[in-house]
Amino acid sequence: MHLNLSADEVLSTTRAVRKRLDLERPVEREVIEECLRLAIQAPSGSNRQGWHFVMVGDAERKAKLAAMYLETYEAFYASGRSATFPEGDPRAQRRPKVLDSARYLADNLHRVPWMLIPCQEGRVDSTPSASQAGWWGSIIPAVWSFMLAARERGLGTAWTTMHLRSEREAAEVLGIPYDNVTQVGLIPVAYTIGTDFKPATRLPLDEVCHWDEW
Ligand SMILES: Cc1cc2nc3c(=O)[nH]c(=O)nc-3n(C[C@H](O)[C@H](O)[C@H](O)COP(=O)(O)O)c2cc1C
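Residues numbered from 1 in each chain as written. Predicted model: local features only at pLDDT ≥ 70, side-chain atom pairs only at ≥ 80, totals over all residues. Heavy atoms only, no water.

## Things to note about the overall build of the chain
Then, number 1: A count of helical and extended segments in the chain gives eight helices and five strands.
Then, number 2: The linear arrangement of helices and strands in the chain, starting from the amino end, is α-α-β-α-α-β-α-α-β-α-β-β-α.
Then, number 3: In terms of overall dimensions, the chain is globule-like: its C-alpha atoms have a radius of gyration of 18 Å, near the 17 Å expected for 214 residues.
Then, number 4: Viewed in the frame of its principal axes, the chain has a C-alpha envelope of about 45 × 45 × 40 Å.
Then, number 5: Counting the 214 residues in the chain, one finds 41% classified as buried.
Then, number 6: Once local pairs closer than 6 in sequence are excluded, the contacts in the chain between residues at least 24 apart make up 82%.
Then, number 7: About 12300 Å² of surface is accessible on the chain, with carbon and sulfur atoms providing 52% of the total.
Then, number 8: Charge centroids of the chain, computed over 25 positive and 28 negative side chains, lie 3 Å from each other. (Helix = DSSP H or I, 4+ residues; strand = E, 2+ residues; numbered from the N terminus. Rg over C-alpha atoms; globule rule 2.2 N^0.38 Å. Buried < 20%, exposed > 50% of the residue type's maximum accessible area, 1.4 Å probe, protein only. Contact = heavy atoms within 4.5 Å. Areas by Shrake-Rupley, 256 points an atom, 1.4 Å probe, with all protein chains shown as cover. Lys, Arg positive; Asp, Glu negative; His and termini not counted. Charge placed at Lys NZ, Arg CZ, Asp CG, Glu CD.)

## Side note on a nonpolar patch on the surface
Then, number 1: A grouping of Leu 11, Ile 140, Trp 144 and Trp 159 is seen on the molecular surface, where their side chains present a nonpolar patch of about 360 Å² in accessible area.
Then, number 2: Mapped onto the elements, Trp 159 comes out in the loop between strand 3 (155-157) and helix 7 (167-174). (Patch = residues over 30% accessible without salt bridge, like charges linked within 9 Å, V, L, I, M, F, W, Y side chains within 5 Å. Salt bridge = Lys/Arg side-chain N within 4 Å of Asp/Glu carboxyl O.)

## Topic: empty space enclosed by the protein
Then, number 1: Within the structure shown, the criterion is met by one cavity of 30 Å³ or more.
Then, number 2: When its volume is computed, the largest cavity comes out at roughly 40 Å³.
Then, number 3: Looking at the largest cavity, the residues that line it are Thr 13, Thr 14, Arg 15, Val 17, Met 147, Arg 151, Leu 155, Gly 156, Thr 157 and Phe 197.
Then, number 4: When residues of the lining of the largest cavity are traced back to their parent elements, those giving at least two are helix 6 (140-152) and strand 3.
Then, number 5: Across the lining of the largest cavity, the residue classes break down as four nonpolar, four polar and two charged. (1 Å grid on protein atoms, 1.4 Å probe; cavity = no way out; pocket = protein on both sides within 12 Å on 5 of 7 lines; lining within 4 Å. Points joined across faces, edges and corners; volume = space filled by probe spheres on them. Nonpolar A, V, L, I, M, F, W, Y, C, P; charged D, E, K, R; others polar.)

## Section: the nonpolar core
Then, number 1: Ranked by internal contacts, the top residues of the largest apolar core, which has 29 residues, are Leu 21, Leu 65, Leu 109, Met 115, Ile 117 and Leu 174.
Then, number 2: For this core, the secondary-structure elements that each account for two or more residues are helix 3 (59-77), helix 4 (90-108), strand 2 (114-121) and helix 7.
Then, number 3: Looking at this core, the element that brings in the most residues is helix 3, giving six residues.
Then, number 4: Residues contacting Leu 174, with those up to four places away along its chain left out, are Val 54, Val 56, Arg 61, Leu 65 and Ile 117.
Then, number 5: Ile 32, Phe 53, Leu 116 and Ala 150 belong to the second-largest nonpolar core, a separate cluster that totals 25 residues. (Core = buried A, V, L, I, M, F, W, Y, C linked by side-chain atoms within 4.5 Å.)

## Some points on the pattern of salt bridges
Then, number 1: Summed over all chains, the structure comprises eight salt bridges.
Then, number 2: Two residues, Glu 74 and Arg 103, come together in a salt bridge whose shortest N-O distance is 3.0 Å. Of this pair, Glu 74 sits in helix 3 while Arg 103 sits in helix 4, placing them 29 residues apart in sequence.
Then, number 3: Between Asp 107 and Arg 103 there is a salt bridge, with the nearest N and O atoms lying 2.9 Å from each other. On the criterion of helical spacing, the pair formed by Asp 107 and Arg 103 is a turn pair, its members being four residues apart in helix 4.
Then, number 4: Taken together, the shared-partner salt bridges in this structure form one network comprising Glu 74, Arg 103 and Asp 107.

If you want it as structure tokens, here you go:
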């Protein structure tokens, strides 16, 4: 299924989908493969293509990853230690909704049809930011392309990072060679309930765009 959105519509309406993930409807492997084929068109430093995509559909493994996610969620997010913003800031207005939706995902993550665990060869745990920039910049565009391709096909996704506090345990569950391969997130993948998503309210462009100097 294609929604036939314009490129600008895909770019402006690919939201973090949590409550509107259809947890009952299976997602065909062929659709996932289509999205991954587009994802690997993304750029990577020196054309290295060190990316790997672990698609998890097995119920037992999903339950283990969801439990790791929930543990971090309870310790970090639910206790109010996530980002806070000044009153009147659009991000502050949005925050209760984000928290409510994040809670729902944490409680229901095990039910998603697929979890995508994007990985990349190498570890950058203690390397300088200048080298990290090239490393992260070689995997994030591919994952975002996957999420955009998914949106065009009626699928919802959300970038999440909470299970990474248990990355070593997750690596064991999935057979990922932890010493040589880094997991960069966990992306739930499901059809969305309804396909209409709106552009988000963001900070005004003139606050974040700098011409010639800061
Ligand atoms: C690096 C990164 C990490 C994130 N981690 C989580 C997460 O662990 N759990 C979650 O529910 N959402 C997570 N999000 C989603 C953000 O909360 C979401 O993108 C933000 O609220 C803006 O909403 P929108 O993407 O729908 O515009 C993450 C997003 C990014 C880019």
